[in-house]
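Okay, here's what each chain looks like letter by letter:
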Amino acid sequence: MTRILVLPGDGIGPEITAATLAVLRAAVGDSIAFVQQDIGEASLAASGSTLPQAVLDAIPAADGVILGPVSHYTYPAGQPNPSAALRTGFQLYANIRPCRSREGLSILRKPMDLVIVRENTEGFYSDRSMYAGPGEFMPDPDSAFSIRKITAAASRRVARAACELAASRSGRLTAVHKANVLKLTDGLFLREVRAVAADFPTVTLDEVIVDAAAALLVRDPARFDVIVTTNMFGDILSDEASELSGSLGLGGAINAGDDICVAQAQHGSAPDIAGQGVANPTSLILSAAMLLDWMSRRSGDAALADAARRIEGAIDRVLDDPATRTRDVGGPLGTEAFAAAVIGAL
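Structure report, in brief.

Cut-offs used in this document
- Residues numbered from 1 in each chain as written.
- Predicted model: local features only at pLDDT ≥ 70, side-chain atom pairs only at ≥ 80, totals over all residues.
- Heavy atoms only, no water.
- Helix = DSSP H or I, 4+ residues; strand = E, 2+ residues; numbered from the N terminus.
- Rg over C-alpha atoms; globule rule 2.2 N^0.38 Å.
- Buried < 20%, exposed > 50% of the residue type's maximum accessible area, 1.4 Å probe, protein only.
- Contact = heavy atoms within 4.5 Å.
- Areas by Shrake-Rupley, 256 points an atom, 1.4 Å probe, with all protein chains shown as cover.
- Lys, Arg positive; Asp, Glu negative; His and termini not counted.
- Charge placed at Lys NZ, Arg CZ, Asp CG, Glu CD.
- Pairing = 2+ DSSP bridges.
- Salt bridge = Lys/Arg side-chain N within 4 Å of Asp/Glu carboxyl O.
- Axes fitted to C-alpha atoms, helices over the stretch in contact; angles between N-to-C directions.
- Parallel < 35°, antiparallel > 145°, perpendicular 65-115°, else oblique.
- Left-handed = near helix turned anticlockwise from the far one by under 90°.
- Nonpolar A, V, L, I, M, F, W, Y, C, P; charged D, E, K, R; others polar.

### So, the overall build of the chain
Thinking step 1. What the chain contains, in helices and strands, is 11 helices and 12 strands.
Thinking step 2. For the chain, whose C-alpha radius of gyration is 20 Å, the value lies close to the compact-globule estimate of 20 Å for 346 residues.
Thinking step 3. Its C-alpha atoms put the chain at 50 × 50 × 40 Å along the principal axes.
Thinking step 4. Across the 346 residues of the chain, 53% fall into the buried class.
Thinking step 5. Restricting to contacts in the chain with at least 6 residues of sequence separation, those with at least 24 account for 74%.
Thinking step 6. Accessible surface, the chain as shown: approximately 14,600 Å² in total, 54% of it carbon and sulfur.
Thinking step 7. Averaging the coordinates of the 30 positive side-chain charges in the chain and doing the same for the 40 negative ones gives two points 6 Å apart.

Below you can see the structure in the form of structure tokens.
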């Protein structure tokens, strides 16, 4: 039987994970077994680790993983950030984030329908740039340094993922960079993207500096279809695009490698509203739908892709009606009621 490992996480994680599982069970019935294990604050209290070895051992054996948001910034020193650890440890090199504007929710004057493919395992983020030791350091009390890591291998594989996605859509791919300043690191990234794109005759590549890309997302979002970029630029631009399209809470995301895929909401753990039953589960539900689609392409099981499309369609119908939106986007519903509305729309 197909198995999905479920890691609810911290803050609102358990609430939106429960809502997501309710929708998934309504969509796929008993065809998938959901196996839950604790990470983060729950596993820290139970076993002394925010990412137990038993969880790491279970991931390769699962057909997919659902990861709730984590409050890693509150963990004691030395405890791992499960999100970063999974991305680097299992080489989940492509963070794929669709952003589509929604009527009545987007602040854009022109429609947006794009996908950002973000390199996930290196870059400016100091927690994933070194084999050993920290990527940030202070040689004296008044100086701080951070190392940016860009490799040809990581750039090639994320470029290939982006080219494959672009070829399945409009054929338009944009590489976003800052090579006018970061001449070596972004120069290397662009070199590899160009080389990979040359292998895709139906893909047209253009290149945009990150400053201009941020502005164009507001002024002319139709300028983009698939964007490929490095880790930090992709993190910032995808959050911007999601917020412009309606809300950060409305966009799905997966972290995909060659053999493992993790569905993860775009937003954080929101501890300020945890336990109140008001969190919007849309992002994690859509992320789980993306996971089903990834699993379908990997296994050839068309029923999984059909379930993914039905979930996405149900979300669209529920969000189209202001009366069935959650409170953060102007509606009256809480977490469980929203999930029930999505199930009804299936």
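What follows picks up the thread again.
### A closer look at the pairing of strand β10 (residues 226-229)
Thinking step 1. Here β10 shows a buried face lined by V226 and V228 and a second buried face lined by I227 and T229.
Thinking step 2. Alignment of strand β5 (residues 113-119) against β10, held across 4 bridges, turns out to be parallel. Of the residues in β10, the one forming a bridge with I116 is I227.
Thinking step 3. By the bridge criterion, 4 bridges tie strand β8 (residues 172-177) to β10 in an arrangement that is parallel. The residue of β10 that forms the bridge with V176 is T229.

### Details of unusual backbone geometry
Both trends apply: most residues other than glycine have a negative phi, and most peptide bonds are in trans.
Thinking step 1. Positive phi values are uncommon outside glycine, yet Q91 reaches one of about 50°.
Thinking step 2. Note that Q91 resides in the loop between α4 (82-89) and β4 (94-100).
Thinking step 3. One non-glycine residue with positive phi stands out, namely A270, at about 40°.
Thinking step 4. Position of A270 relative to the elements: it lies in the loop between β12 (261-264) and α9 (282-299).

### Structural notes on the pattern of salt bridges
Thinking step 1. Under the definition given, this model contains 17 salt bridges.
Thinking step 2. Residue R97 pairs with D239 through a salt bridge whose shortest N-O separation is 2.9 Å. Of this pair, R97 sits in strand β4 while D239 sits in helix α8 (residues 231-245), and the two are 142 residues apart along the sequence.
Thinking step 3. Judged by its relative accessible area of 6%, R97 is buried.
Thinking step 4. Ionic pairing is found between R148 and D186, a salt bridge with its closest N-O pair at 3.0 Å. Residue R148 is located in the loop between β7 (143-146) and α5 (152-168), and its partner D186 is located in helix α6 (residues 185-197); the two are separated by 38 residues in the primary sequence. We note that R148, like D186, is buried.
Thinking step 5. Here the residues in one salt-bridge network are R97, R118, D235 and D239, joined through shared partners.

### Re the sheet that holds strand β2 (residues 32-36)
Thinking step 1. One open sheet accounts for 10 strands, arranged β2-β1-β3-β12-β11-β4-β5-β10-β8-β9; its pairing is mixed. Looking at which strands have only one partner, the edges of the open sheet turn out to be β2 and β9 (204-209). Across the sheet, the mean angle from the axis of one strand to that of its neighbour is 25°, orientation sign disregarded.
Thinking step 2. The strands that helix α1 (residues 13-28) touches are β1 (2-7), β2 and β3 (64-67); relative to β2, the one it contacts most, it runs at about 165°.

### Observations regarding the side chain of H267
Thinking step 1. Mapped onto the elements of the fold, H267 is located in the loop between β12 and α9.
Thinking step 2. A relative accessible area of 15% means that H267 is categorised as buried.
Thinking step 3. If sequence neighbours within four positions are ignored, H267 has contacts with I12, I16, P69, L248, G249, N280 and S283.

### Considering the side chain of T50
Thinking step 1. Counting through the fold element by element, T50 comes out in the loop between α2 (40-47) and α3 (53-58).
Thinking step 2. Leave out the neighbours within four places in its chain, and T50 touches I39, G40, S43, L44, Y75, Q79, P80 and P82.

### Comments concerning the packing of α1 against helix α10 (residues 302-320)
The packing of two helices is summarised by the inter-axis angle and the distance between the axes.
Thinking step 1. Viewed as axis vectors pointing N to C, α1 and α10 meet at an angle of 125°, and their least axial separation amounts to 10 Å. Taken together, the axis directions place α1 and α10 in an arrangement best described as oblique. Of the two possible hands of crossing, α1 and α10 adopt the one that is right-handed. Residue-level inspection shows V23, L24, A27 and V28 of α1 in contact with α10, the latter providing A307, R310 and I311.
Thinking step 2. Grouping the amino acids of the contact of α1 with α10 by side-chain chemistry returns 6 nonpolar, no polar and 1 charged.

Any link to function would need more than the numbers given here.
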